[in-house]
Protein chains: 4
Amino acid sequence: MTMADRMFDTHPALDAIDGPALAACLQACRECATACTACADACLAESDVTELIACIRTDLDCAEACAATAAILTRRTATDPQIVKAQVTATRTIARACAEECEMHAEHHAHCRLCAEACRSCERACTELLAALE
Amino acid sequence: MTMADRMFDTHPALDAIDGPALAACLQACRECATACTACADACLAESDVTELIACIRTDLDCAEACAATAAILTRRTATDPQIVKAQVTATRTIARACAEECEMHAEHHAHCRLCAEACRSCERACTELLAALE
Amino acid sequence: MTMADRMFDTHPALDAIDGPALAACLQACRECATACTACADACLAESDVTELIACIRTDLDCAEACAATAAILTRRTATDPQIVKAQVTATRTIARACAEECEMHAEHHAHCRLCAEACRSCERACTELLAALE
Amino acid sequence: MTMADRMFDTHPALDAIDGPALAACLQACRECATACTACADACLAESDVTELIACIRTDLDCAEACAATAAILTRRTATDPQIVKAQVTATRTIARACAEECEMHAEHHAHCRLCAEACRSCERACTELLAALE
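**Description of the interface of chain B and chain D**
Here is step 1 of the chain: Tallying the contact residues gives 31 residues for chain B and 31 residues for chain D.
Here is step 2 of the chain: Here chain B packs against chain D, burying approximately 2,700 Å² in sum over the two surfaces, 71% of which is carbon and sulfur.
Here is step 3 of the chain: On the chain B side of the contact with chain D, Met 3, Met 7 and Asp 41 of chain B bury the most area, a combined 23% of that side's loss.
Here is step 4 of the chain: Linking chain B with chain D are 0 salt bridges.
Here is step 5 of the chain: Elements supplying a minimum of two residues to the side of chain B that touches chain D: helix H1 (3-8), helix H2 (19-44), helix H3 (53-74) and helix H5 (110-133) of chain B.
Here is step 6 of the chain: Element by element, the count of residues in the side of chain B that touches chain D is highest for H2 of chain B, at 10 residues.
Here is step 7 of the chain: Its residues assigned to classes, the side of chain B that touches chain D comprises 16 nonpolar, 7 polar and 8 charged.

**Side note on the relation of the copies chain C and chain A**
Here is step 1 of the chain: The transformation that overlays chain C on chain A combines an axial shift of 0.0 Å with a rotation of 180°, and the residual RMSD is 0.0 Å. The superposition operator between the copies reduces to a two-fold rotation axis.
Here is step 2 of the chain: In this assembly, 100% of the residues forming the interface of chain C have copies in chain A that are likewise at the interface, indicating an isologous arrangement.

**A word on the confidence of the model for chain A**
Reading predicted coordinates in detail is not appropriate for stretches of low pLDDT.
Here is step 1 of the chain: In this model, chain A carries a mean pLDDT of 98, and residues with pLDDT of at least 70 account for 100%.
Here is step 2 of the chain: We note a pTM of 0.98 for the whole complex and an ipTM of 0.97 for its interfaces.

**Regarding the interface of chain C and chain A**
Here is step 1 of the chain: Facing the 31 residues of chain C at the interface are 31 residues of chain A.
Here is step 2 of the chain: For the pair chain C and chain A, the number of links is 8 residue pairs in polar contact (both at pLDDT 80 or more).
Here is step 3 of the chain: Put simply, the parts of the chain that give the side of chain C that touches chain A at least two residues each are helix H1 (3-8), helix H2 (19-44), helix H3 (53-74) and helix H5 (110-133) of chain C.
Here is step 4 of the chain: In terms of residue count, H2 of chain C provides more of the side of chain C that touches chain A than any other element does, 10 residues in total.
Here is step 5 of the chain: Residue classes in the side of chain C that touches chain A are distributed as 16 nonpolar, 7 polar and 8 charged.

**A look at the environment of Ala 13 of chain D**
Here is step 1 of the chain: One can find Ala 13 of chain D in the loop between helix H1 (3-8) and helix H2 (19-44).
Here is step 2 of the chain: Overall, Ala 13 of chain D belongs to the partly exposed group, its relative accessible area being 39%.
Here is step 3 of the chain: Between the C-alpha atoms of Ala 13 of chain D and Leu 133 of chain D, which are 120 residues apart in sequence, the distance is 18 Å.
Here is step 4 of the chain: Not counting residues within four places of it along the chain, the set of residues in contact with Ala 13 of chain D comprises Ala 45 of chain B together with Arg 76 of chain D.

**Some remarks on the packing of aromatic side chains**
Here is step 1 of the chain: The final tally for this structure, using the stated rule, is 0 aromatic pairs over all chains.
Here is step 2 of the chain: Geometry around Phe 8 of chain A places Arg 76 of chain A over its ring, the cationic atom sitting 4.6 Å from the centre.

**So, the packing of helix H2 (residues 19-44) of chain A against helix H3 (residues 53-74) of chain A**
All names here are of chain A.
Here is step 1 of the chain: In the contact formed by H2 and H3, the axes pass within 8 Å of each other and the chain directions differ by 155°. One element, H2, and the other, H3, form an angle in the roughly antiparallel class. The interaxial crossing formed by H2 with H3 has left-handed handedness.
Here is step 2 of the chain: Tallied by class, residues from the contact of H2 with H3 come to 21 nonpolar, 3 polar and 2 charged.

**What about the state of the cysteines?**
Here is step 1 of the chain: Per the stated rule, a full pass over the model turns up 0 disulfides over all chains.
Here is step 2 of the chain: Considering cysteine sulfurs only, Cys 112 of chain A is the nearest to Cys 39 of chain A, which forms no disulfide, with 3.9 Å between them.
Here is step 3 of the chain: On the accessibility criterion, Cys 39 of chain A (0% relative accessible area) is buried.
Here is step 4 of the chain: Counting only cysteine sulfurs, Cys 66 of chain C is the nearest neighbor of Cys 122 of chain C, a cysteine outside any disulfide, at a range of 3.9 Å.

**Considerations on the relation of the copies chain B and chain D**
Here is step 1 of the chain: Here chain B sits on chain D after a turn of 180° about the axis and a move of 0.0 Å along it, with an RMSD of 0.0 Å.
Here is step 2 of the chain: Comparing interface residues between copies, 100% of those in chain B also sit at the interface in chain D, which points to an isologous, same-surface contact.

Cut-offs and rules
- Residues numbered from 1 in each chain as written.
- Chains lettered and ligands numbered in written order.
- Predicted model: local features only at pLDDT ≥ 70, side-chain atom pairs only at ≥ 80, totals over all residues.
- Heavy atoms only, no water.
- Contact = heavy atoms within 4.5 Å.
- Buried area = accessible area lost by both parts, 1.4 Å probe.
- Salt bridge = Lys/Arg side-chain N within 4 Å of Asp/Glu carboxyl O.
- Helix = DSSP H or I, 4+ residues; strand = E, 2+ residues; numbered from the N terminus.
- Nonpolar A, V, L, I, M, F, W, Y, C, P; charged D, E, K, R; others polar.
- Least-squares fit on C-alpha atoms with pLDDT ≥ 70 in both.
- pLDDT = per-residue confidence, 0-100.
- Polar contact = N/O pair within 3.5 Å; in protein donor to acceptor, adjacent residues only side chain to side chain.
- Buried < 20%, exposed > 50% of the residue type's maximum accessible area, 1.4 Å probe, protein only.
- Phe/Tyr/Trp six-rings, centres within 6.5 Å; stacked < 30°, edge-to-face > 60°.
- Lys NZ or Arg CZ within 6 Å of the ring centre and 35° of its normal.
- Axes fitted to C-alpha atoms, helices over the stretch in contact; angles between N-to-C directions.
- Parallel < 35°, antiparallel > 145°, perpendicular 65-115°, else oblique.
- Left-handed = near helix turned anticlockwise from the far one by under 90°.
- Disulfide = S-S within 2.5 Å.

In structure tokens:
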């Protein structure tokens, strides 16, 4: 169980959002934020850093969006489904864009390969949460 | 001139996004994040805090989204317009939702009134940046 | 293995900071940020919310500090140990203050008890990383 | 008047921290966070980016710490002076470290010069708030 799941178990008035879909999306956003922060940093240390400028930029944006989404999903009191839907929709697009960028460098850099996987997992988890929100 | 504007003037390779619309949206997001953080906190100190739970929740979410958007808009290297569009679209929805919530308490609490105004300004600035991105 | 650990394995030029102490502190900061965000939110939904105002405030501050510290610890390129030391020292103090506040409500609220544990783990992990940085 | 100052004027129960010193530190932290985010990004677009790796890293860390500090200072309900002191002390050290790094590139890059100034302003504002907290 993740820390978020353990905390949800103690919540006095959880919102009605599909629990497993929300928990999976939250975890995927947290991991994507970590992967993107780490990938931007690893790119900076590569000898071909000049080839990785767009990747660093996209990683930083994706980390920022995913961290915000994770915080929003961690809150369950008086949830406005419209807000959740808006932010998760944005994050799906951003994670996909970041995956596409990282995939271009995945053969040369293992951190880009891992980060692309984390972005694709995040994209999928956002799609599944959005389906559950319909 | 804001700090962001002064920094943009020194950027070696600004992206092609409409400068004034971007700068206005960035500034509106920063102010909205500050207003929402402060409003959530002021609500906590009110004697009728139990009437303000949804307002606090929405403020915290809006502050989170606006801060992420502001950071994304502060970066101008290798910008992916798709990412900007996705996050600004989400922020417009979230700022509108937060404005609607704060407006319900605007008569009783000056911080809710000010915060609603900051959210409406943010909503408008997002709309204008999205128009400029078309 | 956490996502951060997997990413560190792919880093081309890791800094010289003690790996296990850093990874443990990073993970503890991430879990503490999640616990504090969730605890503040759960407190908001409690019928005795007026008794929990200081707890909500401290949770929000601790979440903010821990998230910043986690991001800083996730970067390993050109690390300035002085920066790491400063931020981890602050986080140790803040996590301890938040633990003390949450412990006062731990008997009545399971989320405060869990959050206090996460704060104490974070405090310990900070102490251990600071010892490794000497 | 900044948005934070306008919001403080509506707060029902402001803490006892010295108002002007707190407001100045908050504003300096916000401007430093913006300058550091923008400087890291501008460095990425420079042809001598390989000379600027440490500057980018330090900028990202300083932006993270300053944003956390600004959020903490924006809250005035049930303030724990110990938490404020801890985070402002860290930010002073981090802003100074970032100023020293940016000053090394200030002759060649106007964004580093501006960013160094914002860091020094932040360092001074932290020192003044810490003096007021004694």
